Amino acid sequence: MKQFSTNGEAIAKLPFQVRPIAGEGCYPFIARLAHANCLPPTYLRRFLAGPPGYRGSPSWERLSAVTGRDVGQLRKTLDTAKCKECGSVFLLDRTFGNLPRYCSARCRARPSLKREVTEPCRICRQPMKVQFGQRYRLCSTACRRVAYIERQHRNNDTVEQHEPRTCTACEHPLPPDTPAFEHTCSEKCTRQVSRWDWMIEQHGLPLPSRTCAFCGTPIEVTFPSDPHRRWCSRRCRTRASRGHDPATFFSPLTCEQCHKSFQRPASGRDRRWCSRKCYRLSRGWPATPKTHQ
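Criteria and thresholds
- By convention here, each chain's residues receive numbers from 1 onward along its written sequence.
- Per-residue local features are limited, in this predicted model, to residues with pLDDT of at least 70; the limit for side-chain atom pairs, both in listing and counting, is 80 or more; totals at the level of whole chains, interfaces and linings are taken over all residues.
- Only hydrogens and water are set aside when side-chain values are computed; all heavy atoms of the structure are taken into account.
- A pairing counts as a salt bridge when a side-chain nitrogen of Lys or Arg comes within 4 Å of a carboxyl oxygen of Asp or Glu.
- The classification of residues rests on relative accessible area computed with a 1.4 Å probe and restricted to protein chains. Under 20% of the type maximum is buried, over 50% is exposed, and intermediate values are partly exposed.
- The criterion for a disulfide is a pair of cysteine sulfur atoms lying within 2.5 Å.

Draft legend 1. Region of interest: the pattern of salt bridges. Tallied over the full model, the rule gives 3 salt bridges. A salt bridge links arginine 32 to glutamate 24, with the shortest nitrogen-to-oxygen separation between them at 2.6 Å. The class of arginine 32 is partly exposed, set by a relative accessible area of 29%. Between arginine 75 and aspartate 79 there is a salt bridge, and its shortest N-O distance comes to 3.7 Å. Take arginine 75: its relative accessible area is 41%, and that puts it in the partly exposed class.

Draft legend 2. The state of the cysteines, seen in detail. With the rule as written, the count across this model stands at 0 disulfides. Cysteine 143 takes part in no disulfide bond, and the closest cysteine sulfur, belonging to cysteine 139, lies 3.6 Å away. You can call cysteine 143 buried: its relative accessible area is 6%. Cysteine 215 supplies the cysteine sulfur nearest to cysteine 212, a cysteine that is in no disulfide, at a spacing of 3.6 Å. Judged by relative accessible area, which is 4%, cysteine 212 ranks as buried.

By themselves, these figures tell us nothing about what the structure is for.
Right, dumping it as C-alpha cells:
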C-alpha cells in the first residue's frame, strides 16, 4: 500500500511495523523500525530526511507515510513526555541522546530539596534537619546562644595565645587590622550579639550539662570550648556499640540456681549464675571439684 507525502511523492508502507512508545523520541523509534525491517538505521534516517540531499532531520510526513499512522498522533506520542515530578505533558526539545525527564528546572531541583539530611546539633546533640546551604549545625536559638558563649571563651583564650580571632556571631575570621575591642565583623553580627547579650542578662543561660549518653555520669569539662563527648569512657562507648539498653543494663541480675540478686560484671556480659558454685550445682555436679590424688 502506497501513501503520499506533502510534496506528492508516493512512499510505500514498510511491511513490519513497531508500536511507538510515549516519549521515546524520533531517532530511537526509527532505529527500532529499521531493525524490524532488516534495514540499516542510517539508511532509513536518510530516506526519511527527504530529497534532494537526504540530510538533516527526518520529516514527520515521510515517517507517517512509512508507518501508516496519523502525523499529529505520531508526533504527539513520540515527541511529548510526561514530567517525572509534576506529571504534566511537555514537548521534547530534542529527539536524540539522553531525553529530558522533567519539564522545567524547578521540577528538576525538587527531588534534591526533598531529601532530608539529619545530623546532630553541635551543642545538645539532638538530631536536627539540615537546611539547604546551612553551614552551622545548631538546632535552636538557645543552642546558638550557647555556641556564642563558647566562642567568647575561645576568643579570650586565643588573645592570650596570639592566635587569629573569629567573629563571635558568624564565626568568620576577623581581618588582621580589627581593633581589640571589636568582636564582630559587621553591623548585622553586632545586632545579633547585642540581642543575645540582652537575652542572657534577662533570662540567664547556663552552659548545658554534659553527661554520658549511656550511664548518665557527668563528664568533667576543663574549658567551655572543649569538644562534646557522648560517653564518659571507652567502656560506655563499647556497651552502647553492642546495643545494650541503659534502662535495664544497670538493674541487678537474678541467679538461676539460688535466685539471689547480684550485680552485673564490669565487662557488661549477661550472666546466668552468681558464682561458680551455682554453675556447678545447676549442671548436677558437686559444689567443689574433686582433687586428683
